[in-house]
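# Summary of the model geometry
Spelled out, the chains give:
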Amino acid sequence: MMRITLIFFIFLSHLSSAQVYPQIGARSNGLGGASLTLDDVWSVYNNPGAFGYLDKSGIGASYENRFLLAQLSTQSMVFGYHTEKAGNFGIHFQHYGFDMYREMQGGLSYGMKFFDNFSAGVSLNFHRIALGDIYGSKNSFSAGLGLMYDLNEQFRFGMRVLNLNRARLAVDYDERLPTTFSLGARYAFSKKAFWTLDVEKDLIHKLNVRSGIEIQAHDIFAVRIGMNTYPFQASVGFGLKFKSLYIDMATNWHTQLGISPAGSLHFCF
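Residues numbered from 1 in each chain as written. Predicted model: local features only at pLDDT ≥ 70, side-chain atom pairs only at ≥ 80, totals over all residues. Heavy atoms only, no water.

## Things to note about the packing of aromatic side chains
What characterises a pair of aromatic rings is the spacing of the ring centres plus the angle enclosed by the ring planes. The test is simple: For Phe, Tyr and Trp, where Trp contributes only its six-membered ring, two rings pair if their centres lie within 6.5 Å, and the inter-plane angle classes them as stacked under 30 degrees, edge-to-face over 60, or tilted in between. Runs of H or I in DSSP of at least four residues are treated as helices and runs of E of at least two as strands, each being numbered from the N terminus. Only protein chains enter the accessibility calculation, which uses a 1.4 Å probe. A residue is then buried if its area is under 20% of the maximum for its type, exposed if over 50%, and partly exposed in between.
Evaluation of the coordinates by the stated rule reveals ten aromatic pairs. Geometrically, the ring pair formed by Phe 126 and Phe 141 is tilted, given 5.2 Å between the ring centres and 55 degrees between the ring planes. Separated by 15 residues along the polypeptide, Phe 126 in strand S5 (residues 118–130) and Phe 141 in strand S6 (residues 137–150) bring together distant segments of the chain. By relative accessible area, which is 32% here, Phe 126 ends up partly exposed. Its relative accessible area of 56% is what places Phe 141 among the exposed residues.

Structure, rendered in structure tokens:
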């Protein structure tokens with residue numbers, strides 16, 4: 001129990017967005033957490049702007065085992081519904097933690113493609129944080145915004161803001177959920193390989209850079225490597241595609257706390 005508690009507080013001291021999880025899905029994990037320019041079903045949460053590019057409805061589930069401890073695991077689910085003219089509608093849910101500290105988040109997203117190369121989206125999120133049986137729980141709401149733009153066939157850019165309204169956690173100490181600004185870029189070497197980069201900053205912590213490379217080695221197989229700088233973590237992953245079923249696996253490595261394997265699957269229809 002002492003080991004769990006120690007790792008938990010070390011981990012929170014490093015992460016700038018403990019109460020607003022930065023991204024979900026093992027594909028993003030394999031790319032060092034870079035996700036702003038990915039337009040798969042996980043964009044329901046990762047970037048509502050990119051969600052406007054989604055051209056098929058889909059549902060997905062993801063699990064990440066932080067530092068091989070079940071008590072620090074994260075479970076996520078997303079659903080995205082595509083329409084031809086009215087944009088895309090999505091829902092997401094995440095759960096993190098254990099009995100002593102638990103975070104839950106759910107929300108609604110909407111994204112729409114206004115031009116062939118530009119889309120925008122918004123999200124409304126509900127947050128619940130529970131501290132054991134003594135300190136109770138706290139609920140709050142936040143709003144997010146996202147954009148995505150294709151300059152040409154090689155370059156794509158994304159932007160996201162989390163917690164635009166600076167939702168409060170505690171009134172007495174003016175404690176708030178992190179407000180995070182992120183910019184992303186992607187360069188396609190070819191139709192089967194790209195490099196992506198996200199730059200993230202909140203109002204308090206240091207700048208975090210996330211970056212990764214994905215190579216479609218075969219029609220059904222992709223490999224990924226990535227890293228992020230705050231705290232420094234390296235990652236590796238792969239993806240499998242069987243018709244409309246996508247399976248992704250990844251592992252992040254933290255220099256002090258060890259590895260965090262993750263897996264996700266999603267189905268498009």
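There's more to say after this.
## Some words on the environment of Ser 137
Stated precisely, the cut-off is as follows: In what follows, a contact means two residues having at least one pair of non-hydrogen atoms within 4.5 Å. Nitrogen and oxygen atoms within 3.5 Å of one another constitute a polar contact, given that in protein one can donate a hydrogen and the other can accept it, and given that sequence-neighbouring residues count only through two side-chain atoms.
Residue placement: Ser 137 occurs in strand S6. Sequence separation between Ser 137 and Arg 102 is 35 residues, and the spatial gap between their C-alpha atoms is 9.1 Å. Excluding anything up to four places from it in sequence, Ser 137 contacts Arg 128, Ile 129 and Ala 130. At 3.0 Å, the side chain of Ser 137 and the side chain of Arg 128 are in polar contact.

## Some details on the confidence of the model for the protein
Note the cut-off: A score from 0 to 100, pLDDT tells how confident the predictor is in each residue.
Overall, the prediction assigns the protein a mean pLDDT of 90, with 91% of residues at 70 or greater. Confidence, expressed as mean pLDDT per element, reaches its minimum in the protein at helix H1 (residues 2–14) with 45 and its maximum at helix H4 (residues 48–51) with 98. Within the model, pLDDT remains below 50 along residues 1–19, and this stretch shows 43 contacts once partners closer than five positions in the same chain are excluded.

## Observations regarding the pattern of salt bridges
Basically, it comes down to this: Take a side-chain nitrogen of Lys or Arg and a carboxyl oxygen of Asp or Glu: if they are within 4 Å of each other, that pair is a salt bridge.
Applying the stated criterion across every chain yields a total of ten salt bridges. Its salt-bridge partner being Arg 27, residue Asp 40 comes within 3.2 Å of it at the nearest N-O pair. In this pair, Asp 40 is assigned in the loop between helix H2 (26–30) and helix H3 (43–46) and Arg 27 in helix H2, connecting sequence segments 13 residues apart. There is no split in this pair, since Asp 40 and Arg 27 are both buried. Salt-bridge contacts for Glu 64 lead to Arg 66; the nearest nitrogen and oxygen are separated by 3.1 Å. Neither residue differs from the other here; Glu 64 and Arg 66 are each classed as buried. Each of the salt bridges in this network shares a partner with another, and the network as a whole consists of Arg 27, Asp 40, Glu 214, Arg 224 and Asp 248.

## Some remarks on the pairing of strand S11 (residues 193–202)
Inclusion rule: Pairing between two strands requires that DSSP report at least two bridges joining them.
Sheet topology note: the strand S10 (residues 180–190)/S11 ladder contains ten bridges and is antiparallel. Note that in S11 the partner of Arg 186 across the bridge is Thr 196. Hairpin geometry of S10 and S11 is characterised by an intervening segment of two residues between the two adjacent antiparallel strands. The sheet contact formed by S11 and strand S12 (residues 208–218) spans eight bridges and is antiparallel. In the sheet register, Val 199 faces S12, and the bridge partner there is Val 209. Linkage of S11 to S12, two consecutive antiparallel strands, is achieved through a turn of five residues.

## Some remarks on the side chain of Asp 202
Inclusion rule: A residue counts as positive if it is Lys or Arg and as negative if it is Asp or Glu; His and the chain ends are not included.
As for its position among the elements, Asp 202 is in strand S11. Of the side chains with opposite charge, Lys 201 lies nearest to the buried Asp 202, which makes no salt bridge, at 4.3 Å. Side-chain polar atoms of Asp 202 contact the backbone nitrogen of His 205, separated by 2.6 Å.

## Brief notes about a nonpolar patch on the surface
Defined as follows: Every patch collects residues that have over 30% relative accessible area and no salt bridge, joining them within 9 Å if they carry like charges and within 5 Å if they are nonpolar side chains (Val, Leu, Ile, Met, Phe, Trp, Tyr). Using a 1.4 Å probe, accessible areas were evaluated by the Shrake-Rupley method; residue-level cover was limited to the displayed protein chains.
Together, Phe 189, Trp 195, Ile 213, Ile 215, Val 223, Ile 225, Val 236, Phe 238 and Met 249 make up a nonpolar patch on the protein surface, roughly 750 Å² of accessible area in all. Elements represented by at least two residues in the nonpolar patch include exactly S12, strand S13 (221–229) and strand S14 (232–242). With respect to the element layout, Val 236 can be found in strand S14.

## What about unusual backbone geometry?
For residues other than glycine, phi is negative in most cases, and the peptide bonds are mostly trans. Look at the link from Tyr 230 to Pro 231: it is a cis peptide, with omega at -5 degrees. Here Pro 231 lies in the loop between S13 and S14. One non-glycine residue with positive phi stands out, namely Leu 68, at about 60 degrees. In this fold, Leu 68 is placed in the loop between strand S1 (58–65) and strand S2 (73–82).

## Points about the layout of surface pockets
Think of a ball as big as a water molecule: rolled over the atoms, this probe shows where empty space is left. We apply this condition: Grid points spaced at 1 Å and placed over the protein atoms alone form the basis of the search, with a cavity being a set where a 1.4 Å probe fits but cannot get out and a pocket an open set showing protein on both sides within 12 Å along at least five of seven lines. Lining residues have an atom within 4 Å of a point. Grid points are joined across faces, edges and corners, and a volume is the space filled by probe spheres set on the points. When residue character is reported, Ala, Val, Leu, Ile, Met, Phe, Trp, Tyr, Cys and Pro are called nonpolar, Asp, Glu, Lys and Arg charged, and the others, Gly included, polar.
Approximately 1100 Å³ is the volume found for the largest pocket. Forming the walls of the largest pocket are 39 residues, and the residues nearest its centre are Arg 27, Asp 39, Arg 186, Glu 214 and Gln 216. Counting only elements with at least two residues in the lining of the largest pocket, the list comes to S10, S11, S12, S13, S14, strand S15 (245–254) and strand S16 (258–268). Among the elements that line the lining of the largest pocket, the one with the most residues is S10, at four residues. Per-class residue counts for the lining of the largest pocket are 15 nonpolar, six polar and 18 charged.

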